[in-house]
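An overview of the molecular structure
Chain by chain, the residues:
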Amino acid sequence: MPVTRGFFRKRPEGPAGRLPPGQYDTGSGWPVLTAEATPRIEPETWSITVDGLVDRPTTWTWADAHQLPASTYTGDIHCVTTWSKFDVAFTGVSVDVLLDAAGPQVDARYVLVHSSTGYTTNLPLSDLVGGRAWVVWDYAGRPLPVEHGGPVRLLVPHLYFWKSAKWVSRLELLAEDRPGFWERNGYHDRGDPWLEQRYQGD
Ligand SMILES: Nc1nc2c(c(=O)[nH]1)N[C@H]1C(S)=C(S)[C@@H](COP(=O)(O)O)O[C@H]1N2
Ligand SMILES: [Mo]
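Described below are features of the structure shown in this document.

Reading guide: rules and limits
Residues numbered from 1 in each chain as written. Chains lettered and ligands numbered in written order. Predicted model: local features only at pLDDT ≥ 70, side-chain atom pairs only at ≥ 80, totals over all residues. Heavy atoms only, no water. Salt bridge = Lys/Arg side-chain N within 4 Å of Asp/Glu carboxyl O. Buried < 20%, exposed > 50% of the residue type's maximum accessible area, 1.4 Å probe, protein only. 1 Å grid on protein atoms, 1.4 Å probe; cavity = no way out; pocket = protein on both sides within 12 Å on 5 of 7 lines; lining within 4 Å. Points joined across faces, edges and corners; volume = space filled by probe spheres on them. Nonpolar A, V, L, I, M, F, W, Y, C, P; charged D, E, K, R; others polar. Near = heavy atom within 4 Å. Polar contact = N/O pair within 3.5 Å; in protein donor to acceptor, adjacent residues only side chain to side chain. Areas by Shrake-Rupley, 256 points an atom, 1.4 Å probe, with all protein chains shown as cover. Sits in = over half its atoms within 2 Å of the grid points. Helix = DSSP H or I, 4+ residues; strand = E, 2+ residues; numbered from the N terminus.

1. So, the pattern of salt bridges
According to the stated counting rule, one finds 10 salt bridges in the structure shown. For the salt bridge of Asp127 with Arg132, the shortest nitrogen-to-oxygen distance reads 3.7 Å. Look at Asp127 and you get buried, because its relative accessible area is 2%. One network of salt bridges, in which partners are shared, links Asp51, Arg170, Glu172 and Arg178.

Dropping the structure here:
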């Protein structure tokens, strides 16, 4: 999509060092970007499963997930449509905790993330480990709003925000990369905002 890319790069970039290339600060706003109809998921019926190439396929209910050690991400998020939002605070559990319980096998190198709505997105397993990815249920100390993925979404803030699947329900570990919803439609497989990996080939 070379025409729109040229347009994006004319946007103001604000304080150096904080905004990735081609992004602008959305301030107090928080745009909603959803490809599918917003589902209504009660916490009591939500669960998350880690399966595929793992030794111990595991499912956590809402209650189970809240027994795990909680952690908070405070920092910035970046959407490929060029908005960034500074100083967000999300609380949930580190994906490391879920993966440690499930035991990834040696040939697991990619993850296909599934939402209960059918939305999918793919990531290298290495981007979900090392304290850089969370499954979150609180935003700014309050329950995550449904339009932003509540009751529970994935959060991978070092990559473009389309990787942060709303209404997350499953992490499927794979040996080979398998493109998700936006990746099949031309978005980048990795999506590093600092390398401006917006589209396939960037
Ligand atoms: N299930 C689901 N998750 C999704 C999306 C979506 O359409 N469906 N959109 C992605 C995109 S493109 C972005 S930018 C963010 C938007 O999150 P927000 O609506 O909370 O800002 O969610 C990501 N996760
Ligand atoms: Mo996005």
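Back to the write-up after that little detour.
2. A few points about the layout of surface pockets
Size it by volume and the largest pocket reaches roughly 360 Å³. In terms of lining, the largest pocket is formed by 23 residues, of which the most central are Leu33, Thr34, Tyr119, Trp162 and Trp182. Its residues assigned to classes, the lining of the largest pocket comprises 15 nonpolar, 4 polar and 4 charged.

3. Brief notes about the site of ligand 1
For ligand 1, the set of nearby residues contains 22 residues, the closest of which are Pro31, Ala35, His148, Arg153 and Lys166. Contact between ligand 1 and Ala35: an oxygen atom at 2.7 Å from a main-chain N or O atom of the residue. Within the side chain of His148, a nitrogen or oxygen atom sits 2.6 Å from an oxygen atom of ligand 1. Summarising the interface, the protein chains cover 98% of the accessible area of ligand 1, which totals 520 Å² for the free molecule. Under a 2 Å grid-point criterion requiring more than half of the atoms, the pocket assigned to ligand 1 is the largest pocket. Of the residues belonging to the shell around ligand 1, the class tally is 13 nonpolar, 5 polar and 4 charged.

4. Digging into unusual backbone geometry
Residue Gly150 is joined to Pro151 through a cis peptide bond whose omega torsion reads 15°. Here Pro151 lies in the loop between strand 9 (142–143) and strand 10 (153–155). In this structure, Trp167 is a non-glycine residue whose phi angle is positive, near 55°. Assessed through its relative accessible area of 1%, Trp167 is described here as buried. One non-glycine residue, Glu196, adopts positive backbone phi at about 50°. What makes Glu196 buried here is its relative accessible area of 11%.

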